[in-house]
Amino acid sequence: MMRRLALLCTLSLVFACSKNDQVDQHQSSLSLDEQVSAISGAKLFGKALAEADLDLEGQSLTILAPTDASLELFLNDWEVSNFTELKSLIGDTYYNAWLGSHIIPEAAKLENLHSAFVPTLAENSNNRSVNMHFWRSKSLVRINGHMLNMPVKDQVLSQGYLHQIDEVLRPATLNVLVSAHRSEFSILNRALQVCNLAPLLNNDQNQYTLLAPNDAAFDRYFQSMGCGDLDGYLADHGVAALTDLIKAHLINGAHNLSNLSGRSLSSQLASANLSVELLGGNLIVSRNASAYASQAQVLVTDITAFNGSLNIINEVLKLP
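Note that the structure is a prediction, hence the values are computed from the model and not measured. (Residues numbered from 1 in each chain as written. Predicted model: local features only at pLDDT ≥ 70, side-chain atom pairs only at ≥ 80, totals over all residues. Heavy atoms only, no water.)

A. Quick look at empty space enclosed by the protein. Scanning all chains against the criterion turns up one cavity of 30 Å³ or more. Quantified by volume, the largest cavity comes out at close to 30 Å³. Lining the largest cavity are Ser101, Thr120, Val130, Asn131, Met132, Asn144, Arg170, Pro171 and Ala172. Examining the composition of the lining of the largest cavity, we find that three residues originate from one element, strand β4 (residues 129–137), more than from any other. The class makeup of the residues in the lining of the largest cavity is four nonpolar, four polar and one charged. (1 Å grid on protein atoms, 1.4 Å probe; cavity = no way out; pocket = protein on both sides within 12 Å on 5 of 7 lines; lining within 4 Å. Points joined across faces, edges and corners; volume = space filled by probe spheres on them. Helix = DSSP H or I, 4+ residues; strand = E, 2+ residues; numbered from the N terminus. Nonpolar A, V, L, I, M, F, W, Y, C, P; charged D, E, K, R; others polar.)

B. Molecular detail of unusual backbone geometry. With a phi angle near 60 degrees, glutamate 79 is a residue other than glycine that sits in the positive phi range. Mapped onto the elements, glutamate 79 comes out in the loop between α5 (68–78) and α6 (83–90). Among the residues examined, glutamate 79 registers a relative accessible area of 72% and is labelled exposed. For aspartate 154, which is not a glycine, the phi torsion comes out positive at approximately 60 degrees. Residue position: aspartate 154 is located in the loop between β6 (146–148) and β7 (155–157). Among the residues examined, aspartate 154 registers a relative accessible area of 29% and is labelled partly exposed. (Buried < 20%, exposed > 50% of the residue type's maximum accessible area, 1.4 Å probe, protein only.)

C. Here's a closer look at helix α4 (residues 43–51). Buried within α4 are the following residues: Leu44, Phe45, Gly46, Ala48 and Leu49. On the buried face of α4, the contacting elements are α3 (32–37), β1 (61–66), α5, α6, α7 (92–100) and β2 (103–104). (Contact = heavy atoms within 4.5 Å.)

D. Fine view of the packing of aromatic side chains. Within the structure shown, the criterion is met by nine aromatic pairs. A centroid spacing of 6.2 Å and a plane angle of 20 degrees characterise the contact between phenylalanine 83 and tryptophan 98, whose relative ring orientation is stacked. With a gap of 15 residues between them, phenylalanine 83 in helix α6 and tryptophan 98 in helix α7 connect regions that are remote in the sequence. Between tyrosine 221 and phenylalanine 222 the ring centres are 5.9 Å apart and the planes differ by 55 degrees, which places this aromatic pair in the tilted class. Since its relative accessible area comes to 1%, phenylalanine 222 is described here as buried. An aromatic cluster of three or more residues is present, and its members are Phe74, Trp78, Phe83, Tyr95 and Trp98. The residue whose ring lies beneath arginine 142 is tryptophan 135, and the NZ or CZ to ring-centre distance is 4.4 Å. (Phe/Tyr/Trp six-rings, centres within 6.5 Å; stacked < 30°, edge-to-face > 60°. Lys NZ or Arg CZ within 6 Å of the ring centre and 35° of its normal.)

E. Looking closely at the layout of surface pockets. If you add up the space inside the largest pocket, you get close to 470 Å³. In terms of lining residues, the largest pocket is bounded by 21 residues, among which His146, Leu169, Arg170, Pro171 and Val176 are the most central. Elements with a contribution of two residues or more to the lining of the largest pocket: β6 and α8 (174–180). A total of three residues in the lining of the largest pocket trace back to one element, the largest contributor, which is α8. Here the residues of the lining of the largest pocket sort into eleven nonpolar, six polar and four charged.

F. Seen up close, the pattern of salt bridges. In the structure shown here, the tally under the stated rule is three salt bridges. Between aspartate 231 and arginine 190 there is a salt bridge, and its shortest N-O distance comes to 2.6 Å. Remark: arginine 190 occurs in helix α9 (residues 182–194) and aspartate 231 occurs in helix α12 (residues 230–247); sequence separation between them is 41 residues. Looking at aspartate 231, the relative accessible area reads 43%, which means it is partly exposed. Here arginine 190 falls in the partly exposed class, since its relative accessible area comes to 37%. (Salt bridge = Lys/Arg side-chain N within 4 Å of Asp/Glu carboxyl O.)

Purely geometric stuff here, so don't read any function into it on its own.
Structure, rendered in structure tokens:
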């Protein structure tokens, strides 16, 4: 049941690979990085692939390859001249995660990519696949909140498709995933800015589990508090109270909530601990394990960011 409800809360992604697309024999005899390098404007991404320690053999892939121009700017920003130097500078683990954030482990033409949180080949420190937020409307594409141009689409590779993008991606943090999913998190995103918590959730050195109330949850909460909206709440209670409220939804460490039924967790607000229970097929988080005075259903669980886990909930958990 929880998974069915999750479909109502997030958007769907459909992958399809047309059987009519033919890969010529010359191309299929080349390695994947050689195939990418042979595409006009993608030579540098092919070189980046050759430097990575990713096992892509036999996998079906959708590659979102930054253009040569965007990668040149990227290398200049890091003050390096090639990907060997970049890998040495940022380390093997982050290099592979950076490169993997451009690769989706399914083959799809652009027309078959739809809006969703999509797993990539990037991995975080817990070896879990990091998601990107992909949004498309006809030929318009937004990835992790950035509207991108695609000068090349549906380029056939032996293992799938390549689409060129005009920006370089990075493994998405919790803050990036919240701000990117603006149709669900416009209020939470603004609250993180007001409370100066966005930098904390953008920091990839620590791991967090975020219980993220959607906009509908915040609307109900503000109505119950008699203040109407976020501005009204700030006027009545101030930034400090809003900061405590958000921290009470944030847990240190990256936890898989679906494995924590029956457990109690400490939030970043010492007076606001949480419990997790599986009830009637639904995952419930609560402030009071016995009376369930303040509880929420987890609509979508364990959306992985580079620095933790994002979980969409349908109510704001009130403070004790």
